[in-house]
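So you can see what is in the structure, the chains are spelled out below.
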Amino acid sequence: FNMVENLGSLSGMTSLSTIRATNNKLRSFDLSFEDLNRLTSIAVSHNEIEEIPASIGSLQSLTEFEAEGNRIQEIPSTITALKKVKVFKLADNPISDPKVKKLLKKSGALKDLWKYVEKASKSGRGKSKKQESATKTAAEKDAPQDDDGFASDDSFDITMEEL
């Protein structure tokens, strides 16, 4: 395990394409995602993260999200705004909704998970007040879209797109 406790210093890095902070001591990763419109990959597995920030919905270029082995109980409804996501890993988290747990275990069920989360949010289930207030602003943001690589080791790596 590493000792990184927060990622706040990354907020101004607008060319950032990958955040890989696995096996650390992160309790949250609530960055200013609106400024990170080139971010394609987030790997924050095996930390102490309790929630996925609702503002994650503004990351329109995100293709991979890994947060296995944390303390996450809910998925924010804004996650459904992420149309490019192909990898979404949340195993070994105390997810409170049994249907979400089941869909996370099912291979190829990402589209079904998105539909369920969206439907649940419209009916008022599975959404905290904090997530509810950020839903519209995060989901309605548009960001430029591009394709970048993904780091593959289990260390704290930050990959910058070449200028």
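Residues numbered from 1 in each chain as written. Predicted model: local features only at pLDDT ≥ 70, side-chain atom pairs only at ≥ 80, totals over all residues. Heavy atoms only, no water.

1. Let's talk about the environment of Glu66
Working step 1: Tracing the sequence through the fold places Glu66 in strand 3 (residues 64–66).
Working step 2: For the pair formed by Glu66 and Ile42, sequence separation is 24 residues and the distance between their alpha carbons is 6.2 Å. (Helix = DSSP H or I, 4+ residues; strand = E, 2+ residues; numbered from the N terminus.)

2. Comments concerning the nonpolar core
Working step 1: Residues Phe29, Ile42, Ile56, Phe65 and Phe88 are the most contacted members of the largest nonpolar core, which totals 37 residues.
Working step 2: For this core, the secondary structure elements donating two or more residues are strand 1 (16–21), helix 1 (98–105) and helix 2 (110–122).
Working step 3: Top element by residues in this core is helix 2. It accounts for six residues.
Working step 4: Residue contacts for Phe88: discarding those within four places in its chain leaves Phe65, Ile75, Ile79, Leu104, Leu110, Leu113 and Trp114. (Core = buried A, V, L, I, M, F, W, Y, C linked by side-chain atoms within 4.5 Å. Buried < 20%, exposed > 50% of the residue type's maximum accessible area, 1.4 Å probe, protein only. Contact = heavy atoms within 4.5 Å.)

3. Considerations on the packing of aromatic side chains
Working step 1: Counted by the stated rule, this structure contains four aromatic pairs.
Working step 2: Seen from their ring centres, Phe29 and Phe33 are 6.0 Å apart, and the 70° between their planes marks the pair as edge-to-face.
Working step 3: Phe33 sits in the buried class, given a relative accessible area of 0%.
Working step 4: These aromatic residues form a ring-pair network of at least three members: Phe29, Phe33, Phe65, Phe88 and Trp114. (Phe/Tyr/Trp six-rings, centres within 6.5 Å; stacked < 30°, edge-to-face > 60°.)

4. Regarding the pattern of salt bridges
Working step 1: All chains considered together, the criterion is met by one salt bridge.
Working step 2: The partner of Arg27 in a salt bridge is Glu48, with the nearest N and O atoms 3.7 Å apart. Placement of the pair is Arg27 in the loop between strand 1 and strand 2 (41–43) and Glu48 in the loop between strand 2 and strand 3, with a sequence separation of 21 residues.
Working step 3: Taking relative accessible area as the criterion, Arg27 reaches 57% and is therefore assigned exposed. (Salt bridge = Lys/Arg side-chain N within 4 Å of Asp/Glu carboxyl O.)

5. Concerning the confidence of the model for the protein chain
Working step 1: When pLDDT is averaged along the protein chain, the result is 77; 75% of the residues meet or exceed 70.
Working step 2: Across the protein chain, the secondary-structure element scoring lowest on mean pLDDT is strand 5 (residues 156–160), at 35, and the one scoring highest is strand 3, at 96.
Working step 3: Long-range and interchain partners of residues 127–163, a stretch whose pLDDT sits below 50, account for 91 contacts in this model, where long-range means more than four residues apart. (pLDDT = per-residue confidence, 0-100.)

6. Focus on a positive patch on the surface
Working step 1: On the surface, a cluster of positive charge is contributed by Lys99, Lys102, Lys106 and Lys119.
Working step 2: For Lys99, the location among the structural elements is in helix 1.
Working step 3: What makes Lys99 partly exposed here is its relative accessible area of 46%. (Patch = residues over 30% accessible without salt bridge, like charges linked within 9 Å, V, L, I, M, F, W, Y side chains within 5 Å. Areas by Shrake-Rupley, 256 points an atom, 1.4 Å probe, with all protein chains shown as cover. Lys, Arg positive; Asp, Glu negative; His and termini not counted. Charge placed at Lys NZ, Arg CZ, Asp CG, Glu CD.)

7. Details of helix 2
Working step 1: For helix 2, built from 13 residues, the straight-helix expectation of 18 Å at 1.5 Å per residue is met to within 8% by its first-to-last C-alpha distance of 18 Å.
Working step 2: Residues of helix 2 that are buried include every one of Leu110, Leu113, Trp114, Tyr116, Val117, Ala120 and Ser121, and no others. Projected down its long axis, helix 2 carries its buried residues within an arc of 165°, all on one side. Facing away from the buried side of helix 2 by more than 90 degrees, the exposed set consists of Lys111, Lys119 and Lys122.
Working step 3: Next to the buried residues of helix 2 lie strand 4 (87–89) and helix 1.
Working step 4: Of the residues trailing helix 2, Gly124 is marked for its positive phi of about 90°. (Expected span 1.5 Å × (residues − 1). Arc of directions from axis to C-beta.)

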